[in-house]
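# Observations on the model geometry
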Amino acid sequence: MKGTYLPITSREKDLGVDITPNLTLDAHINRIKSAAYSTLAKVKTSFRNLNKEDFRSLYTAYVRPVLEYVTLSWSLYRICLYGGASILKKHINKLEKVQKFATRLVPELRWMRYEDRLMELNLATLERRETEDMIQMYKILRGIDKGEISGNVYNEYQ
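Conventions used here
Residues numbered from 1 in each chain as written. Predicted model: local features only at pLDDT ≥ 70, side-chain atom pairs only at ≥ 80, totals over all residues. Heavy atoms only, no water. Buried < 20%, exposed > 50% of the residue type's maximum accessible area, 1.4 Å probe, protein only. Helix = DSSP H or I, 4+ residues; strand = E, 2+ residues; numbered from the N terminus. Arc of directions from axis to C-beta. Contact = heavy atoms within 4.5 Å. Salt bridge = Lys/Arg side-chain N within 4 Å of Asp/Glu carboxyl O.

## Focus: helix α5 (residues 114-121)
Each α-helix turn comprises 3.6 residues. Residues three or four places apart therefore point the same way. Buried within α5 we find Tyr114, Arg117, Leu118 and Leu121. Looking straight down α5, one finds its buried side chains confined to an arc of 100°; they lie on one side. Residues of α5 that are buried make contact with α2 (52-68) and α4 (89-103). Just downstream of α5 lies Asn122, where phi reads positive at about 60°.

## A short note on the pattern of salt bridges
According to the stated counting rule, one finds four salt bridges in the structure shown. Between Glu68 and Arg64 there is a salt bridge; the shortest N-O distance is 2.9 Å. One end of the pair, Glu68, and the other, Arg64, are both in helix α2, four residues apart, so they sit about a helical turn from each other. Three or more residues are tied together by salt bridges with common partners; here these are Arg113, Glu115 and Asp116.

Dropping the structure here:
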């Protein structure tokens, strides 16, 4: 670039995903977790005694999208880079803790087990994401859904 030097950075953000030199997702997951907790705090202070229906509406509209933003992209990154290894388990657990905390905001569910709270609220665990990602990858590789993925990955498996 005609003698222009690019600065060395410890983290860059591309399409909402934090990328570090060692290509780990730790910084990205930590940022998502913080943003989700921040959104939850706003919901908690704005709406005192939430019932199940109101909580579900607010959670699925404002918090869940923060936790799930571009998950397919970084999940596919994991699949391509690590061959589907469960390297992401610690990241899923970090995000799942946010949801566990959130479901305790409903007073009538506070003392129930996490799985029971999810059933009452008609929510799924964030871990179900892996299954959905595998289904999406299958669709992309079989040409059922071209998806938002680079043509190179799709063409390699035809």
